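Each chain, letter by letter, is given below.
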Amino acid sequence: MSGVIVTGPPRASAEDVTALAGYGVATVHEALGRTGLLGSRLRPIQQDVRVAGTAVTVLSWPGDNLMIHAAVEQCAEGDLLVVTTTSPSTDGMFGELFATALRYRGVRGLVTDAGVRDTAELRGMGFPVWSAAVSAQGTVKATGGSVNVPVAIGGRIIRPGDVILADDDGVMCVPRERSSEAVELSRARTAKEEATRAAFAEGELGLDRYGLRETLVRLGVRYQPYEACAADSSGPGW
């Protein structure tokens, strides 16, 4: 396997990245029309952490972390490393030593659909990681791959410089050219949710606030007293 290391790709605005970090993955995902999630396999090794950064992408051979070493050189302040492999792998391709090198360069975290190890050390040093597996299985450094090329995780294409947002709910990608739009849409959705939260705190029902009573009628759902259900011998049994 040969490859390429792309230098100097465009990145989303640092201002937009910072703004998006203020919103949760669920909020931004909904604001963008329920798009951008990288699937449900990626889980955090820590809790109560939310980060956003610009993607530096890595395409590696399974069980080989050579290209992660190459990617470190391409990372800058505010980036977030995204690693995938040419075929499924759960080997522990990333650990505390990589995190030490990346933290020096201002990298905000790692997302990988392969495996990681040294999880206690990673948590201890405060380096956030989302991965598909945790494994002590080591790797080699023997096969070429690529850095800063489009990669696919969970059916989603991630390009270098796209915004990666990650928290306890999962990981999503915002295309770099939509970062400003995502900020505005997320701001509007948050305001709407705050109004709804206040209404629910005062006792309003979602059935009324969202106009769902009409939906129930349209779907043929009806209200019936318990006594009538219990007297109906054809019912489910009360």
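One structure accompanies this document, and this report is about it. Given the structure is predicted, the values throughout are model-derived calculations rather than measurements.

Rules used throughout
- Residues numbered from 1 in each chain as written.
- Predicted model: local features only at pLDDT ≥ 70, side-chain atom pairs only at ≥ 80, totals over all residues.
- Heavy atoms only, no water.
- Helix = DSSP H or I, 4+ residues; strand = E, 2+ residues; numbered from the N terminus.
- Rg over C-alpha atoms; globule rule 2.2 N^0.38 Å.
- Buried < 20%, exposed > 50% of the residue type's maximum accessible area, 1.4 Å probe, protein only.
- Lys, Arg positive; Asp, Glu negative; His and termini not counted.
- Salt bridge = Lys/Arg side-chain N within 4 Å of Asp/Glu carboxyl O.
- Polar contact = N/O pair within 3.5 Å; in protein donor to acceptor, adjacent residues only side chain to side chain.
- Contact = heavy atoms within 4.5 Å.
- 1 Å grid on protein atoms, 1.4 Å probe; cavity = no way out; pocket = protein on both sides within 12 Å on 5 of 7 lines; lining within 4 Å.
- Points joined across faces, edges and corners; volume = space filled by probe spheres on them.
- Nonpolar A, V, L, I, M, F, W, Y, C, P; charged D, E, K, R; others polar.
- Expected span 1.5 Å × (residues − 1).
- Core = buried A, V, L, I, M, F, W, Y, C linked by side-chain atoms within 4.5 Å.
- Phe/Tyr/Trp six-rings, centres within 6.5 Å; stacked < 30°, edge-to-face > 60°.

Some remarks on the overall build of the protein chain
For step 1, the next point in the chain: Secondary structure assignment for the protein chain yields nine helices and eleven strands.
For step 2, the next point in the chain: Whereas a compact globule of 238 residues would reach a radius of gyration of roughly 18 Å, the protein chain reaches 23 Å, over 25% beyond that.
For step 3, the next point in the chain: With the C-alpha coordinates aligned to their principal axes, the bounding extent of the protein chain is approximately 75 × 40 × 35 Å.
For step 4, the next point in the chain: In the protein chain, which comprises 238 residues, the proportion classed as buried is 44%.

A word on the side chain of Asp113
For step 1, the next point in the chain: Among the secondary structure elements, Asp113 is positioned in strand β5 (residues 110–116).
For step 2, the next point in the chain: Of the side chains bearing the opposite charge, Arg41 lies closest to the buried Asp113, which forms no salt bridge; the N-O distance is 4.8 Å.
For step 3, the next point in the chain: Among the polar contacts made by the side chain of Asp113, one reaches the side chain of Thr84 at a distance of 2.9 Å.
For step 4, the next point in the chain: Non-local contacts of Asp113, meaning those with residues more than four positions away in its chain, are made with Arg41, Leu42, Val83, Thr84, Thr85, Ser89, Ala132, Ala152 and Ile153.

Observations concerning the pattern of salt bridges
For step 1, the next point in the chain: With the rule as written, the count across this model stands at nine salt bridges.
For step 2, the next point in the chain: Here Arg50 makes a salt bridge to Asp167, at a shortest N to O gap of 3.6 Å. Of this pair, Arg50 sits in the loop between β1 (43–44) and β2 (51–60) while Asp167 sits in strand β10 (residues 163–167), and the two are 117 residues apart along the sequence.
For step 3, the next point in the chain: With a relative accessible area of 6%, Asp167 lands in the buried category.
For step 4, the next point in the chain: With its nearest N and O atoms 2.9 Å apart, the salt bridge here joins Arg159 to Asp162.
For step 5, the next point in the chain: The class of Asp162 is buried, set by a relative accessible area of 1%.

Concerning the layout of surface pockets
Rolled over the atoms, a probe as big as a water molecule pinpoints where empty space is left.
For step 1, the next point in the chain: Size it by volume and the largest pocket reaches roughly 180 Å³.
For step 2, the next point in the chain: Across the lining of the largest pocket, the residue classes tally to four nonpolar, six polar and four charged.

Remarks on helix α6 (residues 179–201)
Along an α-helix, a turn takes 3.6 residues, which lines up residues three or four apart on a common side.
For step 1, the next point in the chain: For α6, spanning 23 residues, the distance from its first C-alpha to its last is 32 Å, which sits close to the expected 33 Å at 1.5 Å a residue.
For step 2, the next point in the chain: Those residues of α6 that fall on the buried side of the exposure criterion are Ser179, Ala182, Val183, Ser186, Thr196 and Ala199.
For step 3, the next point in the chain: In this fold, the buried residues of α6 make contact with α1 (14–20), α2 (25–31), β10, β11 (170–174) and α7 (206–209).
For step 4, the next point in the chain: Just downstream of α6 lies Gly203, where phi reads positive at about 100 degrees.

Let's talk about the nonpolar core
For step 1, the next point in the chain: Judged by nonpolar contacts, the single largest core of 25 residues is most densely connected at Leu81, Phe94 and Phe127.
For step 2, the next point in the chain: Every element with two or more residues in this core is listed here: β2, α3 (66–72), β3 (79–85), β4 (92–94), α4 (96–104), β5 and α5 (119–125).
For step 3, the next point in the chain: When residues of this core are assigned to their parent elements, the largest contribution, five residues, is made by α3.
For step 4, the next point in the chain: Discounting residues that sit within four places of it in the chain, Phe127 has contacts with Gln46, Phe94, Ala99, Leu102, Arg103, Val107, Gly109, Leu110 and Leu122.
For step 5, the next point in the chain: Within the second largest apolar cluster, 16 residues are counted, among which are Leu42, Val151, Ile158 and Cys173.

Considerations on the packing of aromatic side chains
For step 1, the next point in the chain: What the rule picks out here adds up to three aromatic pairs.
For step 2, the next point in the chain: With a centroid separation of 5.5 Å and an interplanar angle of 20 degrees, the aromatic rings of Phe94 and Phe98 are classed as stacked.
For step 3, the next point in the chain: Since its relative accessible area comes to 2%, Phe94 is described here as buried.
For step 4, the next point in the chain: With a centroid separation of 6.2 Å and an interplanar angle of 80 degrees, the aromatic rings of Phe200 and Tyr210 are classed as edge-to-face. Placement of the pair is Phe200 in helix α6 and Tyr210 in the loop between α7 and α8 (212–218), with a sequence separation of ten residues.
For step 5, the next point in the chain: Using a relative accessible area of 36% as the deciding quantity, one classes Phe200 as partly exposed.

Any functional reading would require information beyond the geometric quantities listed.
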